[in-house]
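Report on the structure
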Amino acid sequence: MKIDECFKIGFVSKTHGLKGEVTAVFENEFELDDIKSLFLEFNGSLVPYFIEKISGKGSKPFLKFESVDSLTEASELKGCHLYLPKSFRPKLKRGQFYNDEVIGFAIEDETAGSLGIVIEVQGSGVNRLLTIDHKGKEILVPINSPFIKSVNKTEKRIKLNLPKGYLEI
């Protein structure tokens, strides 16, 4: 599995206990009930790990992977990012998007016209920012309703309504 076919759900923060469990930290609330395996990133490659047991709920569950049976083996997983195939992502409501979906989208402002393309989405949750390459200069735009007017995934275009003088800041 390639990284661009997956999405990051979190990372392994630390070991838990002496029998190979780890503590996972998820970027968002995520249900693992039907998930049998996760991909862990090692040096830019994804390696599948099968889930033996999940304990705890919420954004910091304890995971026990098959064939990880000691504190030493578990400690080798610390810091690894956790991924799932994009097909496991829940569908979002109209106008909502995942951070990686809008990379490369064209940005248009209602008054200034074409501004450039999205090169990155920073942050998570409600405090996300679009990073736009505008004539070689980076512009950060908060992702919320006063600024974002529409998101068209088919045309790969986002329309903004920036306040007067925003681009001169």
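Predicted model, so just to flag it, every value in this text is computed and none were measured.

1. A short note on the sheet that holds strand E8 (residues 113–122)
Read across the sheet, six strands follow the order E10-E9-E8-E7-E12-E11 without closing on themselves; strand pairing throughout is mixed. At either margin of the open sheet sits one strand with a lone partner, and together these are strand E10 (137–142) and strand E11 (148–152). Mean inter-strand twist for the sheet, computed between neighbouring axes without regard to direction, equals 35 degrees. Of the strand pairs in this sheet, strand E7 (residues 106–109) and E8 are connected by four bridges, and their pairing is antiparallel. Of the residues in E8, the one forming a bridge with Ala 106 is Ile 117.

2. Describing unusual backbone geometry
Phi is positive for Ser 67, which is not a glycine, with a value near 70 degrees. You will see that Lys 135, though not glycine, has its phi angle at about 55 degrees, which is positive. Inspection of the secondary structure assignment puts Lys 135 in the loop between strand E9 (129–134) and E10.

3. Considerations on the sheet that holds strand E6 (residues 81–85)
Here six strands make up a closed barrel; going around it, the order is E1-E2-E5-E4-E3-E6 and the pairing antiparallel. Pairs of neighbouring strands in the sheet enclose a mean axial angle of 50 degrees, with direction left out of account. Of the strand pairs in this sheet, strand E2 (residues 21–26) and strand E5 (residues 62–65) are connected by three bridges, and their pairing is antiparallel. Along E5, the bridge assignment pairs Thr 23 with Phe 62.

4. So, the packing of aromatic side chains
Applying the stated criterion to the full structure yields four aromatic pairs. Judged by centre distance (6.5 Å) and plane angle (40 degrees), the ring pair of Phe 7 and Tyr 98 falls under tilted. Pair noted here: Phe 7 is in strand E1 (residues 6–16) and Tyr 98 is in the loop between E6 and E7, with a separation of 91 residues, a long-range link. Here Phe 7 and Tyr 98 have matching classes, each one buried. Pairing Phe 42 with Tyr 49 gives two aromatic rings, centres 6.2 Å apart and planes at 35 degrees, and the pair type is tilted. Judged by relative accessible area, which is 26%, Phe 42 ranks as partly exposed. In this structure an aromatic cluster arises from ring pairing among Phe 42, Tyr 49 and Phe 65. Sitting over the ring of Phe 97, Arg 128 keeps its end group 5.0 Å from the ring centre.

Cut-offs used in this document
Residues numbered from 1 in each chain as written. Predicted model: local features only at pLDDT ≥ 70, side-chain atom pairs only at ≥ 80, totals over all residues. Heavy atoms only, no water. Pairing = 2+ DSSP bridges. Helix = DSSP H or I, 4+ residues; strand = E, 2+ residues; numbered from the N terminus. Axes fitted to C-alpha atoms, helices over the stretch in contact; angles between N-to-C directions. Phe/Tyr/Trp six-rings, centres within 6.5 Å; stacked < 30°, edge-to-face > 60°. Buried < 20%, exposed > 50% of the residue type's maximum accessible area, 1.4 Å probe, protein only. Lys NZ or Arg CZ within 6 Å of the ring centre and 35° of its normal.

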